[in-house]
Amino acid sequence: HEMVDNGNGKKIFTSPYGEYTPSEMFVHEYVWKNVENHGNLTALVCSVTGRKYTYSQARDAANYIGRSLLNIGLRKGDTVALIAPNYPESVLAFLGILEAELIVTTVNPFYTPYEISRQLKSSGAAAIIAVTEIAGNALEAAKGNLPPGASVIVIDDGTGSSPEGTIPFMDLITRGKSLPPIKHGAVSVNDVAVLPYSSGTTGMPKGVMLTHKNLVSNMEMTEMTVDERMWKTSSATFQEVMPLILPFFHIFGMNGLTLPRLARGTQIITVPKFVPEQFIQLLANHKMTGMYLVPPLLLFFNASPFVKKEHLENMHHAVIGAAPMAKDDFRRFYDKFQLNQDNMKFCQGYGLTETSPVCCFEVSGTKPGSIGKTIPGCEVRVVDPTTNKDVARPGETGEIWIKGPHVMKGYYNNEAATQSMIVEDGWLKTGDIGHYDEEYDFYITDRLKELIKVKGFQVAPAELEALLRSHPGVVEAGVVGVPDARCGEVPKAFIVPKKGSNPTVESIQNFVKGKVSDYKELKGGVSFVDSIPKNASGKILRTKLKELCK
Ligand code: 4UV
């Protein structure tokens, strides 16, 4: 039942983990659906200050935040930009925005003001929720990019103060309590709930319209695969404890980890920034039972002399995803910590922001390197990009195509990009190259799209190229990812310099520095060329540039 050959050349893979029928639930409803069973358990803990919220407190706080947002004057269709590292309040703010039936666009808190301003403009944000340490950047970015009189709400650092002209976040909770309850019903589950940003297969970052139904479907589809096989439902006698080290603004940290785990009563320890010593201290203090990682974090475990076997004593599973992972790195981990697949399993997930995110999941923990099988409700095809025909047999590579209730509604204000990614009747072309084996387990081996992934973060070549072209000594620029042992990939630029100007490698690298986030810097270097290879319609031939890197 895993593969349907419908006779006209399409080979469609479905899940061995069951059939899925979408439920009509809102994201916030889904998250709190079991709260009566674990209301007194701890939901969220801040790893920096130790402040915590039980499940009942968290649910009430999110509701009060929602009431306050409506009281400020925000209305159906309004988008709130959430610009916050991982704190308990970041998650509460997110759920409060949804509870008020508003839309939330999650912004990378480490963005420069220039990067923040672009997302504010593109998403049409009507208000901002930020945290004290980046309030300055947020306010600078907001200038001219928010409607007049728009609210800026600041999650404070415990001092109770917030910059002039802003609203202290805690007031939303304390005042919300005495405000009238929210009258639900303004939006439907088919309305947009979250607008995260992704560059998709080409071009600049775009708002990914994910509806309540997209997000809830994906949580349920994943739950049918991982719950009971991997994670336990928490109760008074046993609670799963996990760090939230993946950024919550990214779909993996959000709808991959935090929201579905909260629905099952997990204790989530929020980590605002990865600092090695602090993270190890956290592992020592909290006896985590599970974790979600991107490949560089596993490499950290393997490399750090300070992470010890004792730190992993209670850890029974880890999920890894967002970038390719080498088989050998799992083996090194097992060797170093004298563990094996019986006492701790690594499960790999594969997904995209555009698919809310999860599509495939290797849940057995016995096939390192594989992304496993498709999850219930998700259909998969492997299509040869040159012939547009489904590949015939195991081992043959093609582009991974995805269909299901988790596929985004489209890119915000960008019909052209939507139509080039979602084709036929709802098939999403991922831009990833892969194959399946004899047991119908999938593998990702390459990327057709131009996206670069640095430590799991998205870097859009088009964004860096536009920036580089604004350099006075640059005529043309082409950016590609080059392999990097620590980060997976790092961006490298090819530059056609202006006649008479002789920019140096350093001057180009420094030009980029500070304008964009650290992980987008040109750590892969800069090469000067006479021309950038392009096809007849002017599209950069990135494979040609990649060949020049070899
Ligand atoms: O849009 P995005 O930044 O989204 C993500 C989402 C990742 C995951 C992974 C496992 C989960 O369980 C989960 O909840 C979320 O990264 O980038 C999408 C692209 O990242 C690459 C691939 O190129 C996607 O198109 N990618 C994602 N997962 C994998 C991967 C993987 N397991 N192996 C290789 N590449």
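Keep in mind that this is a model prediction, so the values were computed, not measured. (Residues numbered from 1 in each chain as written. Predicted model: local features only at pLDDT ≥ 70, side-chain atom pairs only at ≥ 80, totals over all residues. Heavy atoms only, no water.)

**Q** For unusual backbone geometry, give the residues involved together with the corresponding values.
**A** Only a minority of non-glycine residues have a phi that is not negative, and only a minority of peptide bonds are not trans. Of note, the bond from Ser356 into Pro357 is cis; its omega dihedral lies within 30 degrees of zero at -5°. Secondary-structure assignment places Pro357 in the loop between β17 (345-351) and β18 (358-362). Unlike most non-glycine residues, Glu101 shows phi in positive territory, near 65°. Position of Glu101 among the secondary structure elements: in the loop between α4 (88-99) and β6 (103-106). (Helix = DSSP H or I, 4+ residues; strand = E, 2+ residues; numbered from the N terminus.)

**Q** Lay out helix α7 (residues 169-176) with the relevant residues and their values.
**A** Buried residues of α7: Phe169, Leu172, Ile173 and Gly176, and no others. Along α7, the residues classed as buried sweep out an arc of 90° about the axis, all on the same side. α7 presents Thr174 and Arg175 as exposed residues on the side facing more than 90 degrees away from its buried surface. The inward-facing, buried residues of α7 abut α3 (55-72), α4, β7 (127-131), β8 (152-155) and β9 (167-168). (Buried < 20%, exposed > 50% of the residue type's maximum accessible area, 1.4 Å probe, protein only. Arc of directions from axis to C-beta. Contact = heavy atoms within 4.5 Å.)

**Q** Go over the pairing of β6 with me, naming the residues and quoting the values.
**A** Every second residue of β6 is oriented toward a common face, with Ile103 and Thr105 on one face and Val104 and Thr106 on the other, all of them buried. In this sheet, β6 lies alongside strand β5 (residues 79-83) in parallel orientation, the contact comprising four bridges. Each residue of the ladder has a partner; that of Thr79, found in β6, is Ile103. Where the polypeptide runs from β5 across α4 and back to β6, its parallel neighbour, the crossover connection is right-handed. (Pairing = 2+ DSSP bridges. Right-handed = clockwise from strand over helix to strand, strands pointing away.)

**Q** So what's going on with the sheet that holds β18? Which residues, and what values?
**A** The five strands lie next to each other as β15-β16-β17-β18-β19, forming an open sheet whose pairing is mixed. Of all the strands in the sheet, the pair left with one neighbour each is β15 (290-293) and β19 (373-374). Bridge count between β17 and β18: four bridges; the pairing is antiparallel. Pairing of Tyr350 across the sheet is with Cys360, part of β18.

**Q** Give me the lowdown on the site of the ligand, citing residues and values where you can.
**A** Around the ligand, a shell composed of 24 residues is seen, among which His250, Thr353, Asp432, Lys449 and Lys453 lie nearest. Between His250 and the ligand, the recorded distance is 2.7 Å, taken from a side-chain N or O atom to an oxygen atom. Between the ligand and Gln348, the relevant distance is 3.0 Å, taken from a nitrogen atom to a side-chain nitrogen or oxygen of the residue. Here the ligand loses 99% of its free accessible area of 660 Å² to cover by the protein chains. For the shell around the ligand, the secondary-structure elements that each account for two or more residues are α9 (251-263), β17, β18 and β25 (442-447). With four residues, the single largest contributor to the shell around the ligand is β17. (Near = heavy atom within 4 Å. Polar contact = N/O pair within 3.5 Å; in protein donor to acceptor, adjacent residues only side chain to side chain. Areas by Shrake-Rupley, 256 points an atom, 1.4 Å probe, with all protein chains shown as cover.)

Just geometry here; none of it tells us what the structure is for.
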